Amino acid sequence: MYKFVDQIYLNEEKCVGCNKCLTNCPVPGANIAYLVDGNIKIKVNPEKCIHCGECIKVCDHDARYYKDDTERFFKDLQSGKKLSVVAAPAIRVQFRKYKKLLGYLKSLGVNFIYDVSFGADISIWAYLRTIKKYNCNSIITQPCPPIVNYIEKYQPELLDKLAPIQSAMMCMAIYMKKYAHIKDDIAFLSPCIAKADEIHDENTHGNVKYNITFNKLSEYLASNNIDISQFEESSFDDMGCSLGFLFSRPGGFKENIGYYIKDAWIKEINGTEYAYDYLRGYSNNLKQDKEVPLIVDILNCSNGCNFGTGTCSKCVSAERIDQVDSEFNKLKSAKKKDKGGKLFRKKVDWLHGYFDKNLKLEDFMRLYNRNVVVNNIVEPTEEQYDEIFTKLNKHTEESRNINCLACGYGSCKTMALAIFNDLNVPSNCIDYNKKEVINEHYISEARNEFFTNISHELRTPLNVIYSVLQLESTYKDTLVIDDIMKYNDIIKQNCLRLIRLVNNIIDVSRIEAGFFRPLFKMENIVSEVENIVLSIKTYVDNKKMNLIFDTQKEEIYLSCDTHLIERIMLNLLSNAVKYGREKGTIKVNIYSKDSKSVTISVKDDGVGIPEEMHEKIFERFQKVDTSLSRKNEGSGIGLSLVKSLVELQGGTITCKSVLKQGSEFLVTFPIEHQDHKLSENMESHILYKKDSTENVDIEFSDIYF
Ligand code: ADP
């Protein structure tokens, strides 16, 4: 059974949700963004994490950290447990006085200390023999655990290409156990966080029990005030390495194997930003039967194991890298220089002869986990993508392709994919947040505008009513019946104006709150509209206007809510009367251009509306500010309500108008509304009925005129 090793952790308090970890993570879904009290935090998903260490490296806030076995190792050693150690070649880089460190460990009771460079020599021998024995045409090197993790979890099709050989560390440990007969538990002095995965993998048979990273080891020494320079130097207990120590630098494997196989195509890939992309491309090439290298020498860390994930990342600099390289070069030429290299050649041949004679290749072979694929990200359908984008306030193609990288992915589509898979949250999208801020701003502006407008519209008729009542009471003894009738009429008109305004406000807010659903019925829209037109005749006559009703057919059946049709028509007709010409003509026309829709037109020959306002007048509180229309008071709510009522029934409304010539409002409805069926068994759900004005006993149309 494959065990996920939990190694990289989040310090939630330190995480500021900057998304750098997400940006730099090479695999999908290994980071999960979530909200804590409205703040973004990003945690590790241990199942998907390959322990490449990038998130720890890039986090400026120290919010990501890892654990290793350093404390446990020293505790066990102090309690008398028999332990031996294998040290990565990078020990030469990480501890200048590494021989003193070895002396210190020996002083604590460590039994044997072997150099993994010697294990690297064994592993090179194993590679050469394997390539020859199995006639391999392409092989991926495997000393780097994040690479192994990645292939096991994300590209299992490459498992057969992953070298079936244990790493240099494991080769060393196997040699110690099987051939040097060391019975102790073995600890690895390590440059790599992810070596823990290899150590705990059942395919490495528990040969190594502790992963002690150089970083944590330095911290341990510092926090316990241990000065290693006080200790005697000690050397490694193995027979001494060949070129294996070069393993820890980028291309070190190539330098080793290249010594034995001349002119072979050995591809060197180093660094998180290239390695995983390369493996995807390599896999595609294999699928298409294209040429691939004989050996892919691949490492997760761009500066190799010398500056691995378990070393001090802040200590890496270009100067230091060159310095280390030059030290390694010196060591290399020291190894090779004797007698023009002849002696070295002899030594190498001897070493491989020794291995052939004394080691069994099978002991150093390795298997891999085959059923740990974790790439279970579900791809949404087009509709589901659309839903997520809508949630993100992304309604246009352009806004769905901003691809700004702020969320960490660099593509809006990947962000939508992550949200769909519960790996991220909308508020981690900067574009979404910007729009939310702008919306907030508009909402608060609209709210302010609403209160300014409404208070004016409410106060004006109330002031008129109050003044008239004051006048009546002051002159009560002298008023004649004609005066009283005149004053009462003014009061009545202003009361109606108030009722209309209050009704409109209530309707708009109910529609906005989503409380309202039309009750669709198949109705003859021609007779419905004709009755409404007839009901306002008196008001049209008062202005000496002409009212013409025209229809293409006597009967046109439409799926609609007749209460709403009445509200729409009364609003449009009252505007036509208000803004129409004295003695002018109002034309109402119904026609159906095809069998799918019906259009109702309300046309006047009045003041008209300037072109730039043709769309705006449907927004709330929009009033045309021309000398022609200003004399008509109004709240600017009517047309926005009409638009909502039309849209609730699946229709559209447009305005055609020429200044001083007149305006035409065209309302088009689909004959059959998709919610029609739904309404058949539905209780009436009307937001506003005639009887809501029953207390004042007035005609519905009176409110509008
Ligand atoms: P109001 O209560 O102000 O009439 P509406 O929302 O019904 O509110 O209309 C908004 C504005 O559109 C009006 O103030 C007016 O300037 C203009 N308008 C509406 N209908 C007409 C029309 N038929 N002719 C000219 N202007 C109109």
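In this numbering scheme, every chain counts its residues from 1 along its sequence in written order. Per-residue local features are limited, in this predicted model, to residues with pLDDT of at least 70; the limit for side-chain atom pairs, both in listing and counting, is 80 or more; totals at the level of whole chains, interfaces and linings are taken over all residues. Hydrogens and waters are ignored; side-chain quantities use all the structure's heavy atoms.

As a reminder, the rule being used: UniProt positions are given in the numbering used here, feature names are shortened, and annotations may be inferred rather than shown by experiment.
The name given to the chain in an unreviewed UniProt entry is histidine kinase, with the source organism recorded as Clostridium chromiireducens. Checking UniProt for the chain, the heading Catalytic activity (unreviewed entry) contains the comment "ATP + protein L-histidine = ADP + protein N-phospho-L-histidine."

**Remarks on a positive patch on the surface**
Rules: Only residues above 30% relative accessible area that lack a salt bridge enter a patch, with like-charged residues linked at up to 9 Å and the nonpolar side chains Val, Leu, Ile, Met, Phe, Trp and Tyr linked at up to 5 Å. To be clear on the numbers: accessible area is Shrake-Rupley with a 1.4 Å probe, and residue cover counts the displayed protein chains and nothing else. Note on definitions: salt bridges are taken to be side-chain nitrogens of Lys or Arg within 4 Å of carboxyl oxygens of Asp or Glu. Charge counting follows a simple rule: Lys and Arg are positive, Asp and Glu are negative, and His as well as the terminal groups are ignored. Taken as the charge centre is NZ of Lys, CZ of Arg, CG of Asp or CD of Glu, depending on the residue. Think of it this way: any DSSP run of H or I at least four residues long counts as a helix, any run of E at least two long counts as a strand, and we number them from the N terminus.
Residues Lys587, Lys593, Lys603 and Lys656 make up a contiguous surface patch of positive charge. Within the element layout of this structure, Lys656 appears in strand β17 (residues 652-658).

**A word on the domain arrangement of the chain**
So the rule is basically this: As annotated, the domain borders come from an automatic or database domain assignment.
Looking at the chain, the domain boundaries give domain 1 (1-67), domain 2 (80-364) and domain 3 (488-699). On a C-alpha basis, the centroid separation for the pair domain 2 and domain 3 is 82 Å.

**A short note on the sheet that holds strand β16 (residues 597-604)**
Short version of the rule: In this scheme, strands are said to pair when DSSP sees at least two bridges between them. Inter-axis angles, ranging from 0 to 180 degrees, are taken between N-to-C directions of lines fitted to C-alpha atoms, where helices are fitted over the stretch in contact. Between two residues, a contact is recorded if the distance between any of their heavy atoms is within 4.5 Å.
Read from one edge to the other, the open sheet built from five strands follows the order β13-β15-β16-β18-β17, with strand pairing classed as mixed. Each edge of the open sheet carries a strand with a single partner, namely β13 (546-551) and β17. Looking at each pair of strands side by side, their axes are set apart by 15° on average, direction ignored. As defined by bridge partners, strand β15 (residues 585-594) adjoins β16 across seven bridges and the pair is classed as antiparallel. Counted as the bridge partner of Tyr591 is Thr599 from β16. Along the sheet, helix α19 (residues 525-535) contacts β13, β15 and β16; its crossing angle with β13, the most-contacted strand, is approximately 175°. In the packing of helix α21 (residues 562-579) onto the sheet, the strands contacted are β15, β16, β17 and β18 (662-670), and the crossing angle to β16 comes to about 25°.

**A short note on a negative patch on the surface**
Where like charges cluster on the molecular surface, the negative patch consists of Glu379, Glu382, Glu383 and Glu387. Summarising the element assignment, Glu387 is placed in helix α15 (residues 382-391).

**Digging into the state of the cysteines**
The line we're drawing: Cysteine sulfur atoms are paired as a disulfide whenever they fall within 2.5 Å. Only protein chains enter the accessibility calculation, which uses a 1.4 Å probe; a residue whose area is less than 20% of its type maximum is buried, one above 50% is exposed, and one in between is partly exposed.
Evaluation of the coordinates by the stated rule reveals one disulfide. There is a disulfide in this structure between Cys312 and Cys315, and the S-S distance comes to 2.1 Å. Here the S-S torsion is close to 85°, and the disulfide linking Cys312 with Cys315 is therefore right-handed. Residue class for Cys312 comes out partly exposed when judged on its relative accessible area of 24%. According to the relative accessible area criterion, Cys315 is partly exposed, its value standing at 42%. Cysteine Cys407 remains unbridged, with the sulfur of Cys404 as its closest cysteine sulfur at 6.0 Å.

**A few points about the packing of α15 against helix α16 (residues 412-420)**
Our working definition: Angular relationships are summarised with four words: roughly parallel below 35 degrees, roughly antiparallel beyond 145, roughly perpendicular across 65 to 115, and oblique for the angles in between. All residues other than Ala, Val, Leu, Ile, Met, Phe, Trp, Tyr, Cys, Pro, Asp, Glu, Lys and Arg, Gly among them, are scored as polar; the first ten of these are nonpolar and the last four charged.
Running from N to C, α15 and α16 point in directions that differ by 100°, and their axes come no closer than 10 Å. Taken together, the axis directions place α15 and α16 in an arrangement best described as roughly perpendicular. Facing Gln384, Tyr385, Ile388 and Phe389 of α15, the residues of α16 in contact are Cys412, Lys413, Ala416, Leu417, Ile419 and Phe420. Looking at the contact of α15 with α16, its residues break down into eight nonpolar, one polar and one charged.

**Details of the nonpolar core**
Which entries qualify depends on this criterion: What we call a nonpolar core is a set of buried Ala, Val, Leu, Ile, Met, Phe, Trp, Tyr and Cys residues that are connected through their side-chain atoms within 4.5 Å.
By size, the foremost hydrophobic cluster in this structure holds 78 residues, and its most contacted members are Phe73, Val86, Ile91, Phe95, Ile122 and Leu189. Discounting residues that sit within four places of it in the chain, Ile91 has contacts with Tyr98, Leu101, Leu102, Leu189, Phe214 and Phe236. Counting 52 residues, the second-largest nonpolar core is a separate cluster that includes Val508, Ile532, Met613 and Phe665.

**Some details on the packing of aromatic side chains**
Filter applied, for reference: For this analysis, a ring pair means two rings from Phe, Tyr or Trp (six-membered ring only for Trp) whose centres lie within 6.5 Å, classed as stacked if their planes differ by under 30 degrees, edge-to-face if by over 60, and tilted for the remaining angles. The criterion is that NZ of a Lys, or CZ of an Arg, lies within 6 Å of the ring centre and within 35 degrees of the ring normal, and then a charge sits over that ring.
According to the stated counting rule, one finds 25 aromatic pairs in the structure shown. Between Phe74 and Tyr220, the ring centres sit 3.9 Å apart and the planes meet at 0°, which makes this aromatic pair stacked. Residue Phe74 is located in helix α3 (residues 70-78), and its partner Tyr220 is located in helix α10 (residues 214-223); the two are separated by 146 residues in the primary sequence. On the basis of relative accessible area, Phe74 is assigned to the buried category, the value being 1%. Take Tyr220: its relative accessible area is 9%, and that puts it in the buried class. Put simply, the rings of Phe118, Trp125, Tyr175, Tyr179, Trp350, Tyr354, Phe355 and Phe364 pair up and form one aromatic cluster. In this structure, Lys67 packs its charged tip against the face of Tyr9, placed 4.5 Å from the ring centre.

**Remarks on the packing of helix α18 (residues 481-512) against helix α23 (residues 638-648)**
For the record, the criterion: Left-handed describes a crossing in which the near helix is turned anticlockwise from the far one by less than a right angle; the clockwise case is right-handed.
One way to put it is that α18 packs onto α23 with a least axis distance of 10 Å and a crossing angle of 40°. Looking at the two axes, α18 sits oblique to α23. Judged by the twist between their axes, the crossing of α18 over α23 is left-handed. Contacts between α18 and α23 involve Asn504, Asp507, Val508 and Ile511 from the former and Gly638, Leu641, Ser644, Leu645 and Leu648 from the latter. Looking at the contact of α18 with α23 residue by residue, the class counts come to five nonpolar, three polar and one charged.

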